[in-house]
Amino acid sequence: MPTHAYPRFAYDGPVAPGRYEVAVVGGGLVGLTVALDLARRGARVLLLDEDQTVSQGSRAICFAKRSLEIYDRLGLGARILAKGVMWNRGTVFFQHRAVYSFDLLPEEGHCFPAFVNLQQYYAEEWLTEACRATGLVELRWRHRVSGVQNGAEGVVLTVDTPDGAVRIEADWLLACDGARSLIGEALGLPFSGQVFRDRFLIVDVVMERDMPAERRFWFNPPFHPGGSVLLHRQPDNIWRIDFQLGPDADPEAEKAPGRVRARVAAMLGKDARFEIEWVSAYTFRCRRLAKFRHERIFFLGDAAHQVSPFGARGGNGGVQDADNLGWKLHAVLTGSAGEALLDSYDAERIPASDENIEASTRSTEFITPKGEAARAYRDAVLELSEAYPFARALVNSGRLSRPAILTESPLNTPDDAAWAAPSPAPGSVAIDAPVRIDGRDDWLLRHLGGNGFGLLLFGGAGDFRDAELARLPVRPVLVSNTRSDGALWDYSGVAAARYDARPRTAILLRPDQHVAARWRCLDPEAVATARRRALALEACSE
Ligand SMILES: Cc1cc2nc3c(=O)[nH]c(=O)nc-3n(C[C@H](O)[C@H](O)[C@H](O)COP(=O)(O)OP(=O)(O)OC[C@H]3O[C@@H](n4cnc5c(N)ncnc54)[C@H](O)[C@@H]3O)c2cc1C
């Protein structure tokens, strides 16, 4: 019996025929995220979804730090933290014993943990509410897009509603209609990649259990011989268990309540008290479209790429797509950039997608070894990992989602000096740090990102001349190691250390908080050139 009461969004009659600036097809995790991102920037968005509720059952639960930072920028960070289960640690088990534990975020001084577990339906519900509250997103439920014509000047859509079909046009179309994307199919776009045959069983159980909030992964445990098992804690005393079933399992037989109960009881102990909340069986694919931009249509999330769930890279990758496209499309809509900027969506998100596909494919190969030799290697690595740290690097129970580093992006201005790690290079996402402002504790990332570019300037007021600050084409964000008016106070020195900053260090940040350029010493002309390059307004001379 589901414990969650799914909302039923109203059908408010058919969408008005006509032309819309931005249409999003698909009100799932990614469509709602990009609609909210655009609306927060001031753009009007039409969002169409064939359904009238949120994601059903157990899908994404692990929201990575980068997604949490993006959701914080969109105004949902505190709500997610308050409800979600925070975790940084994981433990790997082999057979009957714990072989090692790891910590994904051992250092302090970050607003968000490595992960928060939260059911996808909560995220979608809150995104829907937030979209509605902007007054700029027109949400149309029970609107199924059934036809699409793409062109250099815009897109024509046929939308089926309970009151009949409506024809609308859009300047820009964001296809967020999931893995079975009708838009991709209508355009005849094939996916390339791998389809895996191994079947997995998801069981969500409700139980009260005092266990640390950590990811637990078993290889070949006594309660599930030959397979792997993954355990995650979710809010509302719900626990997600993934059982590897193998390629020949019969999914219907495996979902039978008696069989599921027996599996779970074998794992949790015969005296464990639990209720089964959700059962489903799944297989997966690791693949993507050749290109994500097709003239006026952009593909985001599962409509663009799909991965295995090991590593939590599906939803988190889609949220990063939304983060990447939102500011660029807004810049084009408002005339601060030309359409060339939109080509960088492919240049940046295709390598990011490839990284996710590769990581998730490798995890799958380790978790489901094909053949005796692969299994013997896998088991030897696990055996060694208990005593030898070098072997732990070879264990792959899922390389967990990380922010994409857009190293090869044409929007980056290359460094002209040496920098010490972990200072984020051009293309990397900004690193958070604790700061104080007006006597209260705050976080650096909360002062970066938005509609415009920002320039982190390290140093005291005396380090910068008013005349040079006045010539800056971007908003300066002063970070000082002493308390001073109008500056973020880096009271612990963590911000300066993380950015390898000295007085007059300048870091140019895009509206999505990625580093566009950095300099040891502020030069307003260099900032102006790098900003133009990051908006694809001019190429770099290097
Ligand atoms: C078992 C499992 C576990 C997972 N765990 C994680 C995890 O822990 N972390 C993580 O990051 N990811 C995880 N994922 C992946 C994650 O769920 C997906 O990547 C995510 O849902 C993709 O979001 P999306 O918005 O692109 O697509 P979807 O969520 O599929 O949304 C597509 C939307 O489009 C609508 N739609 C479809 N066709 C049309 C049409 N023709 N017209 C109008 N509307 C249409 C649908 O109604 C739906 O609302 C998991 C997935 C699975 C299956």
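Residues numbered from 1 in each chain as written. Predicted model: local features only at pLDDT ≥ 70, side-chain atom pairs only at ≥ 80, totals over all residues. Heavy atoms only, no water.

Caption draft 1: Seen up close, the overall build of the protein. Within the protein, the secondary structure is distributed over 14 helices and 28 strands. Here the protein has a C-alpha radius of gyration of 24 Å; the compact-globule value for 542 residues is 24 Å, and the two agree. Taken along its principal axes, the extent of the C-alpha atoms in the protein is 75 × 65 × 45 Å. Just so you have it, the protein exposes about 22100 Å², and 50% of that area is on carbon and sulfur atoms. (Helix = DSSP H or I, 4+ residues; strand = E, 2+ residues; numbered from the N terminus. Rg over C-alpha atoms; globule rule 2.2 N^0.38 Å. Areas by Shrake-Rupley, 256 points an atom, 1.4 Å probe, with all protein chains shown as cover.)

Caption draft 2: Expanded view of the packing of helix α1 (residues 29-40) against helix α4 (residues 120-134). Interhelical geometry of α1 versus α4 gives an angle of 30 degrees and a closest axis separation of 9 Å. Viewed along their axes, α1 and α4 adopt a mutual orientation that is roughly parallel. Seen along the crossing, α1 lies across α4 with a hand that is left-handed. Of α4, the residues touching α1 (which contributes L29, L32, T33, A35, L36, A39 and R40) are Q120, A123, E124, L127, T128, A130, C131 and T134. In terms of residue class, the contact of α1 with α4 is made up of nine nonpolar, four polar and two charged. (Axes fitted to C-alpha atoms, helices over the stretch in contact; angles between N-to-C directions. Parallel < 35°, antiparallel > 145°, perpendicular 65-115°, else oblique. Left-handed = near helix turned anticlockwise from the far one by under 90°. Contact = heavy atoms within 4.5 Å. Nonpolar A, V, L, I, M, F, W, Y, C, P; charged D, E, K, R; others polar.)

Caption draft 3: Representation of the nonpolar core. Grouped together as the largest cluster of nonpolar side chains are 75 residues, with contacts concentrated most on Y71, L157, I168, L173, L174, F299 and L300. With eight residues, the top contributor of residues to this core is α1. Contacts of I168, omitting those with residues within four sequence positions, involve V15, A16, P17, G18, Y20, L46, L48, V155, V156, L157 and V159. (Core = buried A, V, L, I, M, F, W, Y, C linked by side-chain atoms within 4.5 Å. Buried < 20%, exposed > 50% of the residue type's maximum accessible area, 1.4 Å probe, protein only.)

Caption draft 4: Structural detail: the layout of surface pockets. Estimates place the volume of the second largest pocket at around 930 Å³. If you trace the second largest pocket, you find 37 residues lining it, with L104, L105, S401, R402 and P403 closest to the centre. Taken together, the residues of the lining of the second largest pocket break down into 19 nonpolar, six polar and twelve charged. (1 Å grid on protein atoms, 1.4 Å probe; cavity = no way out; pocket = protein on both sides within 12 Å on 5 of 7 lines; lining within 4 Å. Points joined across faces, edges and corners; volume = space filled by probe spheres on them.)

Caption draft 5: Structural context of the site of the ligand. Close contacts around the ligand come from 32 residues, with D49, C62, Q120, D302 and N316 the closest. Measuring from an oxygen atom of the ligand, one finds a backbone N or O atom of N316 at 2.8 Å. Within the complex, the protein chains bury 87% of what would otherwise be the 1000 Å² of accessible surface of the ligand. For the shell around the ligand, the secondary-structure elements that each account for two or more residues are α1, β2 (45-49), β9 (144-150) and α8 (314-333). With three residues, α8 is the single largest residue contributor to the shell around the ligand. A per-class count over the shell around the ligand returns 14 nonpolar, ten polar and eight charged. (Near = heavy atom within 4 Å. Polar contact = N/O pair within 3.5 Å; in protein donor to acceptor, adjacent residues only side chain to side chain.)

Caption draft 6: Broad picture of the environment of C111. In this fold, C111 is placed in the loop between β6 (97-103) and β7 (115-117). C-alpha separation for the pair C111 and D442, spaced 331 residues apart in sequence, amounts to 8.6 Å. The contacts of C111, once residues within four sequence positions are left out, are L81, D432, W443 and R446.

Caption draft 7: Just the packing of aromatic side chains, in detail. Per the counting criterion, the structure on display carries 23 aromatic pairs. Members of the aromatic cluster, connected to one another through ring pairs, are F196, F200, Y282, F284 and F310. Cation over ring: R142 sits above Y11, and NZ or CZ is 5.8 Å from the ring centre. In this arrangement the basic side chain of R520 is found over the ring face of W419, its NZ or CZ atom lying 3.9 Å from the centre. (Phe/Tyr/Trp six-rings, centres within 6.5 Å; stacked < 30°, edge-to-face > 60°. Lys NZ or Arg CZ within 6 Å of the ring centre and 35° of its normal.)

Caption draft 8: The sheet that holds strand β13 (residues 199-206), seen in detail. Taken together, the seven strands give an open sheet; going across it, the order is β6-β5-β14-β15-β16-β13-β17, and neighbouring strands pair in mixed fashion. Looking at which strands have only one partner, the edges of the open sheet turn out to be β6 and β17 (275-282). Across this sheet, the average inter-strand angle for adjacent strands is 15 degrees, counted without regard to direction. Pairing between strand β5 (residues 89-94) and β6: six bridges, direction antiparallel. Residue pairing in the sheet places G90 in a bridge with F102 of β6. (Pairing = 2+ DSSP bridges.)

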